[in-house]
Amino acid sequence: MTEDKRAPTVEMVEITKRFPGVLANDRVNFSVTQGEIHGLLGENGAGKSVLMSILYGLYRPDSGQIYLHGAPVQINNPAKAIGLKIGMVHQHFMLIPNMTVAENVVLGFEPPGLVLRSRDISSRVAQFAAAAKIKIDPNAMIEALPLGTRQRVEILKILYRQADVLILDEPTSVLTPQGIDDLFTSLRALRDQGKTIIFIAHKLKEILSICDRATVLRRGKTIGTVEISRTDENELTEMMIGSKMVPTRRAKKASNGKLILQGEEITAINDRGVVALTGASFQLHAGEILGIAGIEGNGQTELVEVLTGLRRPTSGKIMLNGVDLAGISPKAALDHGVRHIPEDRHQRGIVLDFSVMENLILGDHEQPLFKGFLSQLKYRFIRRFVDQRIDEFQIQTPNRETVTRSLSGGNQQRVVVARIFNRELTLVIAAQPTRGLDVKAAEYVRRKLIELSDQGVAVLLVSADLDEVMALSDRIIVIFNGKLTATSDRPTRRELGLLMLGETKDRS
Amino acid sequence: MITTPTSAEKKVVGRSIVWLMLSPVIKIWPELAAIVAAFLVGAIILVVTGHQIGETFAYLFRGAFGSRLAIGFTLTRTVPLIFTGLAFSIAFKCGLFNIGAEGQLQVGAFAAAWVGFALPPLPPLIHISLALLAAAIAGGLWVLVPALLKAKRGVHEVVTTMMLAHVGILLTRYLVFGPFKAPGWIPHTPRIAASAELARIMPPTQLSTGIFIALACALILYWFLWKTSIGYGIRAAGLNPHAAETGGVSVTRSIVVALVISGALAGLGGAGEILGVFRRFVEGFSPGWGWDGIAVGLLGRLHPVGVILSAFLFGALRTGGMAVARATPVPLDIVVVLQAMVILFIAAPKLMKILKRRGEKE
Ligand SMILES: Nc1ncnc2c1ncn2[C@@H]1O[C@H](COP(=O)(O)OP(=O)(O)OP(=O)(O)O)[C@@H](O)[C@H]1O
Ligand SMILES: [Mg+2]
């Protein structure tokens, strides 16, 4: 890249932002030039989301200055940011479920004219989508779309508002490998049209494959900005965590333990009354990690819900150590030693307005460990217990009383993961357990899962991340269209990919 | 990054003591601002309608706090508001909008009155306990159907509790005009036995030991919601039912428990008025304590201590307002306006936010 003499599109200078007990941004310098995809990376709690929220007008910096095309600007609220052609896609979407894609996109920015003609709108939105190489049906209802597709709607929304600077906060964490490819195709197309894109991600592979430059934050400070063509995974890792990393791989186990969980012909329907799981049968042994691979929306959510008591199967048996779990309550499932890392932490994982302490005992608050005479919670014990958890899982929080909403995304995930270790367990259902975690924390969680299986716990790992499934699992089952298909002993990526698309083995 | 205080920060510790003293005030500034704003609007209305501001507010204040008697009257009116404010709060903590406290209060009041006049004289402790128990059960039963409909079928509690409130009001009216009317012109029941009366503690005002029952209820509710696992489940279910369910909280059970306790508290509020103030069920004894409980709960941030404070404020407004109406040409409605303004400034934004959030989830 030749030296660009023009002023950067966005320049954030000496930005400082302090929250009670936390210095989130400490004189951060950050700049992006027009027509680049700029990666922003760093450990959980490094201050990435806060920095971008400042650029989008959600927070005001305590000090520092933002320049847009060389001119100083004050961005006091998102409306101002949109006026300055800055758009942001948050990790958690804000769409109206019972409206169509097109209606959501134009909402609040309807084209001039008295009557809204829905055909005009959808053709306009379709044009935008085509220009950005985004595959979407403008007339689809939001509620019928999987998360990955909703994200496209969010991107379209900011494009429709004429944004030139696009901020994407961990967009890939909700996507499947195919979805990531699609997103990257769109991002490249947008860059070639001259848009500036800021891309936050934890996976270095993604940063390396899509970004032109990347800036690393650590503990609220800028560590540096690098050209992607002149760096590699090792350098980035070192900048990020200050040391090298060895990825965890599971050593294959020779013998199987005793049978823990046996699913027999499980059938279930989803919330819309459509059959989502058809005759699913599988076995899971003590000390085994069974991976479930599949593209989102093929029944894995329903499978997890059925196994954890959140959904009643229409037929079939779920035998856990000889007891049928089909149709029992979530509490009964917990009491049988089934622990659950939900895939959507904001929906099922945590109560955002609870303190970190309260969230860390969720699911165990009825246990004699925490509950005493007259259902009283043993706070004196709980406080000590929780502090230990916070320490062990390095949950970055000013203290245990902090409201969980104010934690960074990755630290919220640590809360969800940490509490499954609260008590004795026989089976872990881990759905996307490392979603949103930085490399170090993700490795830590993977090691913990392996540790559990070494202690004889059965682990069911549901993940969209093929690398993770392949690195951890003893066996892999592919789920497609509500059906389970066992794979060969050591399946290749290609074999898994084909099965995930519904190709049978004989044809491939 | 988590920070520890630097030396520069330690130097300002002296200054921070002032902050420490101010901090409770700062923490509740939206509430204080709403109250001030409400009074400003009240003042404007007084001016526009051609009344004296200074005189009116002086009467308002003196009427509420000006003498031992005034304070006694204010406290008397605080008692039912504490009950209904608590009733609203516990339901709302579980994400439920019990809008029908007035009906629960009326049936609770009637049940207490009935136990008071229908049973033969008993030892006071037993008689009062029975009357309170009857009131709590009646109030609790009065929300049981809405609670079950909500828990099992998802029927919106606003509609059902509201409907049943009117049924309750009409039912007690029928009872007091019909089968249980004491002889004479006035629609009221026979007087309760002396053994069922709550003792008056500040004669000649009607303030009774009911205030201690109200304060005890606030204390118990605080303990229940924040110190027990059942309360924990109720709060979790109110904030995020999906996560609560995943964490083994029975959301349906939480809904039923929260609503039934809410109804029981409203019923106790009715009992306090009957056993302490009126000594019989009198048609129209409640000027709408149940409805006012919504404002009390919201202004009190659904917290028992907050509820006590805001119940006191609303009790004072009502007492002062009556003094104003007696002494000046300003009608009692000014109190209604002030209350409405407080609600508008503090409660409405909160309510909108919560209902909107719920709308998004559903
Ligand atoms: N609204 C808030 N109130 C208080 N503290 C906050 C708030 N938002 C963020 N923080 C704190 O600021 C720090 C930086 O948070 P931020 O969300 O920017 O991290 P991040 O780099 O995006 O991490 P992650 O990878 O986990 O998403 C964290 O320690 C977090 O607890
Ligand atoms: Mg973040």
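Since the model is a prediction, treat every value here as computed from it, not as a measurement. Residue positions within a chain follow its written sequence, with the count starting from 1. Chains and ligands are labelled by the order in which they are written, letters from A for the one and numbers from 1 for the other. Reporting of local features is limited, given that this is a predicted model, to residues whose pLDDT is at least 70; pairs of side-chain atoms are given and counted only at 80 or more, and all residues count toward the totals for whole chains, interfaces and linings. Values shown for side chains rest on all heavy atoms present in the structure; no hydrogens or waters enter the calculation.

Let's shift gears to the overall build of chain A. Only DSSP runs of H or I with at least four residues qualify as helices, and only runs of E with at least two residues qualify as strands; both kinds are numbered from the N terminus onward. When helices and strands are counted, chain A shows 17 helices and 20 strands. Here chain A has a C-alpha radius of gyration of 24 Å; the compact-globule value for 508 residues is 23 Å, and the two agree. Put simply, chain A has 508 residues, and 56% of those count as buried. Taking the contacts inside chain A whose residues are at least 6 apart along the sequence as the reference set, 67% of them involve residues at least 24 apart. As displayed, chain A offers around 21900 Å² of accessible surface, 50% of which is attributable to carbon and sulfur atoms. When charges are tallied, Lys and Arg are placed among the positive residues and Asp and Glu among the negative ones, while His and the ends of the chain are skipped. A charge is said to be at NZ when it belongs to Lys, at CZ for Arg, at CG for Asp and at CD for Glu. Averaging the positions of the 65 positive and the 59 negative side-chain charges in chain A gives two centres separated by 2 Å. As a reference, a globule follows 2.2 Å times the number of residues to the power 0.38, and the radius of gyration itself is taken over C-alpha atoms. Residue exposure (1.4 Å probe, protein chains only): buried if accessible area is under 20% of the type maximum, exposed if over 50%, otherwise partly exposed. Residue contacts are defined here by distance: any two heavy atoms, one from each residue, within 4.5 Å place the two residues in contact. Method for areas: the Shrake-Rupley scheme with a 1.4 Å probe, in which residue coverage is limited to the protein chains shown.

A few words on the site of ligand 1. All names here are of chain A. Neighbouring ligand 1 are 19 residues, the closest being Gly45, Lys48, Ser49, Ser408 and Gly410. Identification of polar contacts relies on pairs of N or O atoms within 3.5 Å, with a donor-acceptor requirement for protein atoms, meaning one able to donate a hydrogen and the other able to accept it, and with residues adjacent in sequence counted only if both atoms are side-chain atoms. Contact between ligand 1 and His202: an oxygen atom at 3.0 Å from a side-chain N or O atom of the residue. Burial of ligand 1 by the surrounding chains reaches 90%, relative to a free accessible area of 630 Å². Going through the elements one at a time, strand E2 (22-32), helix H1 (48-55) and helix H14 (409-418) are the ones with two or more residues in the shell around ligand 1. It is H1 that contributes the most residues to the shell around ligand 1, 3 residues altogether. Residues lining the shell around ligand 1 come from more than one domain, with at least three contributed by each of domain 1 (8-241) and domain 3 (351-422). Being near a molecule or strand, for a residue, comes down to having at least one heavy atom within 4 Å of it. What counts as a domain boundary in this text is fixed by an automatic or database domain assignment.

Tallying the contact residues gives 24 residues for chain B and 35 residues for chain A. In this description, buried area is defined as the sum, over both parts, of the accessible area (probe of 1.4 Å) that is lost when the two are combined. Each partner contributes to the roughly 2600 Å² buried at the junction of chain B and chain A, and carbon and sulfur atoms together form 56% of this total. A carboxyl oxygen of Asp or Glu within 4 Å of a side-chain nitrogen of Lys or Arg is what we treat as a salt bridge. Where chain B packs against chain A, one counts 3 salt bridges. Across the pair Glu366(A) and Arg253(B) runs a salt bridge, and its minimum N-O distance is 3.7 Å. Among the elements of the structure, helix H9 (210-227), helix H10 (229-239) and helix H11 (241-246) of chain B are those that each provide at least two residues to the side of chain B that touches chain A.

We now examine the packing of helix H6 (residues 101-118) of chain B against helix H8 (residues 157-177) of chain B. Any two packed helices are characterised by how steeply their axes cross, that is the angle between the axes, and by the distance between the axes. Residues and elements named next belong to chain B. Between N-to-C directions, angles span 0 to 180 degrees; the directions come from axes that are lines fitted to C-alpha atoms, helices contributing only their stretch in contact. At their nearest, the axes of H6 and H8 sit 7 Å apart, and the two run at 30° to each other. On the basis of the axis angle, H6 is roughly parallel to H8. Pair H6 / H8 crosses with left-handed handedness. Within the contact between the two elements, H6 uses Glu102, Gly103, Gln106, Val107 and Phe110 and H8 uses Ala165, Gly168, Ile169, Thr172, Leu175 and Val176. Under the grouping applied here, Gly and all other residues not named as nonpolar or charged are polar, the nonpolar ones being Ala, Val, Leu, Ile, Met, Phe, Trp, Tyr, Cys and Pro and the charged ones Asp, Glu, Lys and Arg. Residues of the contact of H6 with H8, tallied by class, amount to 6 nonpolar, 4 polar and 1 charged. Orientation is classified from the angle alone, with under 35 degrees giving roughly parallel, over 145 giving roughly antiparallel, 65 to 115 giving roughly perpendicular, and any other angle giving oblique. Here is the rule for handedness: rotate from the far helix to the near one, and if that takes an anticlockwise turn smaller than a right angle the crossing is left-handed, while a clockwise turn gives right-handed.

Now for the pattern of salt bridges. Applying the stated rule across the entire model yields 39 salt bridges over all chains. Between Lys221(A) and Asp26(A) there is a salt bridge, with its nearest N and O atoms 3.0 Å apart. With Lys221(A) in strand E10 (residues 221-227) and Asp26(A) in strand E2, this residue pair connects regions lying 195 residues apart in the sequence. A single salt-bridge network, built from bridges that share partners, covers Asp271(A), Glu305(A), Arg311(A), Arg348(A) and Glu245(B).

Residue and element names in this part refer to chain A. For two strands to be treated as a pair, DSSP must find no fewer than two bridges joining them. When strand E13 (residues 289-293) meets strand E19 (residues 475-480), the two strands line up parallel, connected through 4 bridges. From the neighbouring strand, Gly291 faces E19, where its bridge partner is Ile476. With 4 bridges connecting them, E19 and strand E20 (residues 483-486) associate as antiparallel partners. Across the sheet, Val478 pairs through a bridge with Thr485, a residue of E20. Between E19 and E20, which pair antiparallel in sequence order, lie 2 residues; one of them, Asn481, sits at a positive phi of approximately 55°.

Bringing the environment of Thr185(A) into the picture now. Residue and element names in this part refer to chain A. Here Thr185 shows up in helix H6 (residues 177-192). A residue is classified by how much of its surface remains accessible, and Thr185, at 37% relative accessible area, is partly exposed. Distance from Thr185 to Glu265, taken between C-alpha atoms, is 40 Å for residues 80 residues apart in sequence.

Moving on: unusual backbone geometry. Among all residues except glycine, the phi angle is most often negative; among peptide bonds, the trans geometry is most common. Each neighbour pair has its own omega, and for Pro203(B) with Pro204(B) the value is 5°, a cis peptide bond. On the secondary structure map, Pro204(B) appears in the loop between H8 and H9. Positive phi, normally seen in glycine, also occurs at Lys85(A), with a value near 65°. If you trace the backbone, Lys85(A) turns up in the loop between helix H2 (78-83) and strand E6 (86-89). Phi is positive for Gln162(A), close to 65°, though the residue is something other than glycine.

All names here are of chain A. Its domain assignment divides chain A into domain 1 (8-241), domain 2 (252-337 + 424-508) and domain 3 (351-422). With both chains or domains summed, domain 2 and domain 3 bury close to 1100 Å², and 64% of this area falls on carbon and sulfur atoms. In terms of surface lost to domain 3, no three residues of domain 2 exceed Leu437, Tyr444 and Lys448, which account for 33% of the buried area on that side. The interface formed by domain 2 and domain 3 contains 2 salt bridges. Across the salt bridge formed by Lys448 and Glu392, the nearest N and O atoms sit 3.1 Å from each other. Our count for the domain 2 to domain 3 interface comes out at 5 residue pairs in polar contact (both at pLDDT 80 or more). If you list the elements that add at least two residues to the side of domain 2 that touches domain 3, you get helix H10 (330-335) and helix H15 (439-454). Here the side of domain 2 that touches domain 3 gets 5 residues from one element, more than from any other, and that element is H15. Its residues placed into classes, the side of domain 2 that touches domain 3 shows 9 nonpolar, 3 polar and 5 charged.

All right, on to the packing of H6(B) against helix H7 (residues 124-153) of chain B then. Residue and element names in this part refer to chain B. Contact pair H6 / H7: the axes reach a minimum separation of 7 Å and the direction vectors enclose 150°. When the axis of H6 is compared with that of H7, the two are roughly antiparallel. Where H6 crosses over H7, the two elements pack in a sense that is right-handed. Contact residues: Gly103, Gln104, Val107, Gly108, Ala111, Ala112, Val115 and Gly116 in H6; His127, Leu130, Ala131, Ala134, Ala135, Ala138, Gly139, Trp142 and Val143 in H7. Within the contact of H6 with H7, the residues separate by chemical class into 11 nonpolar, 6 polar and no charged.

Before going further, it helps to examine the packing of aromatic side chains. Aromatic rings considered in pairs are described by the distance between their centres and by the relative angle of their planes. Only Phe, Tyr and Trp rings are paired, with Trp represented by its six-membered ring, and only when their centres lie within 6.5 Å; those with planes under 30 degrees apart are stacked, over 60 edge-to-face, the remainder tilted. Within this structure, the stated rule accounts for 21 aromatic pairs over all chains. An angle of 45° between the planes, with centres 5.3 Å apart, marks the rings of Phe354(A) and Tyr232(B) as tilted. With one member in each of two chains, Phe354(A) in the loop between helix H11 (345-349) and helix H12 (356-360) and Tyr232(B) in helix H10 form a pair that bridges those chains. Residue Phe354(A) shares its accessibility class with Tyr232(B), and that shared class is buried. Summarising the aromatic geometry, the rings of Phe381(A) and Phe385(A) are spaced 5.8 Å apart at their centres and angled 45° between planes, so their arrangement reads as tilted. With Phe381(A) and Phe385(A) both in helix H13 (residues 379-392) and 4 residues apart, this pair spans about one turn of that helix. Its end group placed over the ring of Phe421(A), Lys448(A) keeps NZ or CZ at 5.2 Å from the ring centre. Charge-over-ring contacts are defined here by two conditions on Lys NZ or Arg CZ: a distance within 6 Å of the ring centre and an angle within 35 degrees of the ring normal.

The next subject is the sheet that holds strand E4 (residues 63-68) of chain A. Residue and element names in this part refer to chain A. Taken in spatial order, the 4 strands of this open sheet run E2-E1-E4-E5, and their pairing is antiparallel. With partners counted over all chains shown, the strands left at the sheet margins are E2 and strand E5 (71-73), one partner each. Sheet twist, expressed as the mean angle between neighbouring strand axes with direction ignored, is 30°. Where E4 and E5 come together, 3 bridges link them in antiparallel fashion. Looking at E5, one finds that Ile66 is bridged to Val73. In this fold H1 packs onto strand E1 (10-19), E2 and E4, with an angle of close to 115° to the strand it touches most, E1.

The next subject is the layout of surface pockets. Residue and element names in this part refer to chain A. Any residue with an atom within 4 Å of a point lines the site, the site being either a cavity, points on a 1 Å grid over the protein atoms alone where a 1.4 Å probe fits but cannot get out, or a pocket, an open set with protein on both sides within 12 Å along at least 5 of 7 lines. Grid points are joined across faces, edges and corners, and a volume is the space filled by probe spheres set on the points. In this structure, the second largest pocket encloses a volume near 1300 Å³. Forming the boundary of the second largest pocket are 43 residues, of which Lys203, Lys205, Arg446, Asp465 and Asp467 lie nearest the centre. Of all the secondary-structure elements, those providing two or more residues to the lining of the second largest pocket are H6, helix H7 (204-210), helix H8 (233-241), H15 and helix H16 (466-472).

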